[in-house]
Amino acid sequence: MERDKTDGNGTSTVEDDSIRNEEHTGTGVERRRSNRDQSPPQLGSRILVTWFELTAVGITGSILGTTVGGPVGFLIYLATSLLTVGVIFYNVNQLIKGWVQLTGELS
């Protein structure tokens with residue numbers, strides 16, 4: 001939408017809202033620069049989160065496996081092992097995704 005603006009000298013100018021919105025929201029280049037200021041993915045916090053998740057899965061699996069026992073307990077043990085691998089893969093994937101996003105915006 002276009003608007004007429006009059007400055008102090010009585011000169012009329014036409015201003016387009018899309019230009020004004022672009023000035024306020026910033027261009028893609030400016031957004032990329034602000035994203036560059038982001039810190040890289042934090043390896044220490046990802047390790048801590050992974051450790052908590054692995055501890056929770058391991059304790060839960062061991063309690064269930066011991067309580068049930070027998071062949072079903074063995075299946076719970078296998079499921080716990082599978083969940084452990086899933087937790088590790090998920091957290092490694094999140095860390096790699098953060099690094100790729102960071103390096104992709106720098107190029």
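Visitor: Help me get a handle on the overall build of the protein chain, residues and values and all.
Guide: When you go through the protein chain residue by residue, the secondary structure sums to four helices and two strands. Written out in order from the N terminus, the α and β elements of the protein chain read β-β-α-α-α-α. For the protein chain, the residues scored as buried account for 12% of the 107 residues in total. Sequence-distant contacts, at least 24 apart, represent 51% of the contacts inside the protein chain between residues at least 6 apart. Entry remark: accessible area of the protein chain is about 8,400 Å², with carbon and sulfur atoms responsible for 62%.

Visitor: Could you give an account of the packing of aromatic side chains, naming the residues involved and the relevant values?
Guide: Scanning the model with the defined rule gives two aromatic pairs in all. Considering the side-chain rings of Trp51 and Phe52, the 5.2 Å spacing of their centres and the 50° angle between planes classify their relative orientation as tilted. Taking the relative accessible area as the measure of exposure, Phe52 reaches 48% and is therefore partly exposed.

Visitor: Go over helix α3 (residues 43–68), please, and point to the residues and values.
Guide: With 26 residues, α3 extends 37 Å from end C-alpha to end C-alpha; this agrees with the ideal 38 Å at 1.5 Å per step. Of the positions making up α3, those classed as buried are Thr50, Val57, Gly61 and Gly65. One or two positions beyond α3, positive phi appears at Gly69, with a value near 70°.

Visitor: A description of the side chain of Asn91 should follow, citing residues and the corresponding values.
Guide: If you trace the backbone, Asn91 turns up in helix α4 (residues 70–106). Within polar-contact distance, the side chain of Asn91 engages the side chain of Thr50 at 3.4 Å. If we ignore the near neighbours within four places in the chain, the residues touching Asn91 are Arg46, Val49, Thr50 and Glu53.

Visitor: Help me get a handle on the side chain of Thr50, residues and values and all.
Guide: If you trace the backbone, Thr50 turns up in helix α3. Of note is the side chain of Thr50, whose polar atom sits 2.7 Å from the backbone oxygen of Arg46. Not counting chain neighbours up to four residues away, the residues in contact with Thr50 comprise Val87 and Asn91.

Visitor: Report on the UniProt feature "transmembrane region" (unreviewed entry) in the protein chain, specifying residues and quantitative values.
Guide: Per the UniProt record, "transmembrane region" (unreviewed entry) is annotated on residues 48–68 and 74–92. The distance separating the terminal C-alpha atoms of residues 48–68 is 30 Å; by composition the span is 100% helix and 0% strand. Counting secondary structure, residues 74–92 comes out at 100% helix and 0% strand; the distance between its end C-alpha atoms is 27 Å.

Visitor: Which residues make up the environment of Val85, and what values go with them?
Guide: By secondary structure assignment, the location of Val85 is in helix α4. Sequence separation of Val85 and Leu54 is 31 residues, and the distance between their C-alpha atoms is 9.2 Å.

Conventions adopted
- Residues numbered from 1 in each chain as written.
- Predicted model: local features only at pLDDT ≥ 70, side-chain atom pairs only at ≥ 80, totals over all residues.
- Heavy atoms only, no water.
- Helix = DSSP H or I, 4+ residues; strand = E, 2+ residues; numbered from the N terminus.
- Buried < 20%, exposed > 50% of the residue type's maximum accessible area, 1.4 Å probe, protein only.
- Contact = heavy atoms within 4.5 Å.
- Areas by Shrake-Rupley, 256 points an atom, 1.4 Å probe, with all protein chains shown as cover.
- Phe/Tyr/Trp six-rings, centres within 6.5 Å; stacked < 30°, edge-to-face > 60°.
- Expected span 1.5 Å × (residues − 1).
- Polar contact = N/O pair within 3.5 Å; in protein donor to acceptor, adjacent residues only side chain to side chain.
- UniProt positions renumbered as here; feature names shortened; annotations may be inferred.

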